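Survey of secondary and tertiary structure
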Amino acid sequence: MDWTHYRFRSLWFLPAPPEAVYGALERPEDYPHWWPQVREVTRIDDTTGVIRVRSLLPYDITFTARETRRDPAAGVLEIAMTGDLDGWARWTVTPRGTGALARYDQVVDVAKPMLRRFAVPGRPLFRANHRLMMRAGRRGLNGYLRAV
């Protein structure tokens, strides 16, 4: 087993139209306004930016995100990630009842040296840290969508 390889999936049920959810998710430069753990997003060009995140554990993760797919009709947003994390992430937004389901899939390898050193003993903490970050993101997006 490669202890530095991670596969995550989160499902966010949101009481907002899928178009509104997709619209918010396609603007990563706004994430710091509603997602507390996304500390900074710096646009490089129309499809690339540098993102810095920090959750409960005392370390920042910085990576370059490059858009690889934007398909509003299918509700799909996908990026390639390089830096402290190497891999990809994808949002898929679909109708669910009177709202939307935002599915987040991520497959990454940790490249940050400190995290690689603690890969085996830290793995449960790293996974819990990610769950907390995603839970806060769902809450933040839900509040943001209600306010707009």
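See above for the structure.
First, a word on what this report is: a plain description of the structure on this page. Bear in mind the structure is a predicted one, so any value in this text is a computation, not a measurement. (Residues numbered from 1 in each chain as written. Predicted model: local features only at pLDDT ≥ 70, side-chain atom pairs only at ≥ 80, totals over all residues. Heavy atoms only, no water.)

Digging into the packing of aromatic side chains
Scanning the entire structure with this criterion turns up nine aromatic pairs. On the basis of an interplanar angle of 5° and a centroid distance of 5.6 Å, the ring pair of Tyr6 and Phe8 is categorised as stacked. Overall, the relative accessible area of 4% leaves Tyr6 in the buried class. Given the relative accessible area of 12%, Phe8 is considered buried. Ring centres of Tyr59 and Phe126 lie 6.0 Å apart, and the angle between their planes is 85°; this geometry places the pair in the edge-to-face category. Of the two residues, Tyr59 is situated in the loop between strand E3 (48-53) and strand E4 (61-71) and Phe126 in helix H4 (residues 119-147); the sequence distance between them amounts to 67 residues. An aromatic cluster of at least three residues, connected via ring pairs, comprises Trp12, Tyr31, Trp34, Trp35, Trp91, Tyr104 and Tyr144. Above the ring of Tyr6, the side-chain terminus of Arg123 is found at 4.2 Å from the ring centroid. (Phe/Tyr/Trp six-rings, centres within 6.5 Å; stacked < 30°, edge-to-face > 60°. Buried < 20%, exposed > 50% of the residue type's maximum accessible area, 1.4 Å probe, protein only. Helix = DSSP H or I, 4+ residues; strand = E, 2+ residues; numbered from the N terminus. Lys NZ or Arg CZ within 6 Å of the ring centre and 35° of its normal.)

Observations concerning the sheet that holds strand E6 (residues 85-96)
The pairing of strands in a sheet comes from backbone hydrogen bonds and takes either a parallel or an antiparallel form. With respect to topology, seven strands assemble into an open sheet ordered E1-E7-E6-E5-E4-E3-E2, the strand pairing being antiparallel. Strand pairing shows two members of the sheet lacking a second neighbour, strand E1 (5-14) and strand E2 (38-43), which therefore form its edges. Looking at each pair of strands side by side, their axes are set apart by 20° on average, direction ignored. Pairing geometry for E4 and strand E5 (residues 76-83), over eight bridges, is antiparallel. Following the sheet pairing, Glu67 is matched in E5 by Ile79. Contacting E1, E4, E5, E6 and strand E7 (99-110), helix H1 (residues 18-25) runs over the sheet at an angle of about 160° to E6. Its contacts with the sheet put H4 on E1, E2, E3, E6 and E7, and the angle it makes with E1 is roughly 25°. (Pairing = 2+ DSSP bridges. Axes fitted to C-alpha atoms, helices over the stretch in contact; angles between N-to-C directions. Contact = heavy atoms within 4.5 Å.)

Some details on the nonpolar core
Among the nonpolar cores identified, the biggest contains 38 residues, and Trp12, Val21, Leu25, Trp35, Trp91 and Leu141 are the most heavily contacted of them. In contact with Leu25, other than residues within four places in its own chain, are Tyr31, Trp34, Leu77, Trp91, Val93, Ala102 and Leu141. (Core = buried A, V, L, I, M, F, W, Y, C linked by side-chain atoms within 4.5 Å.)

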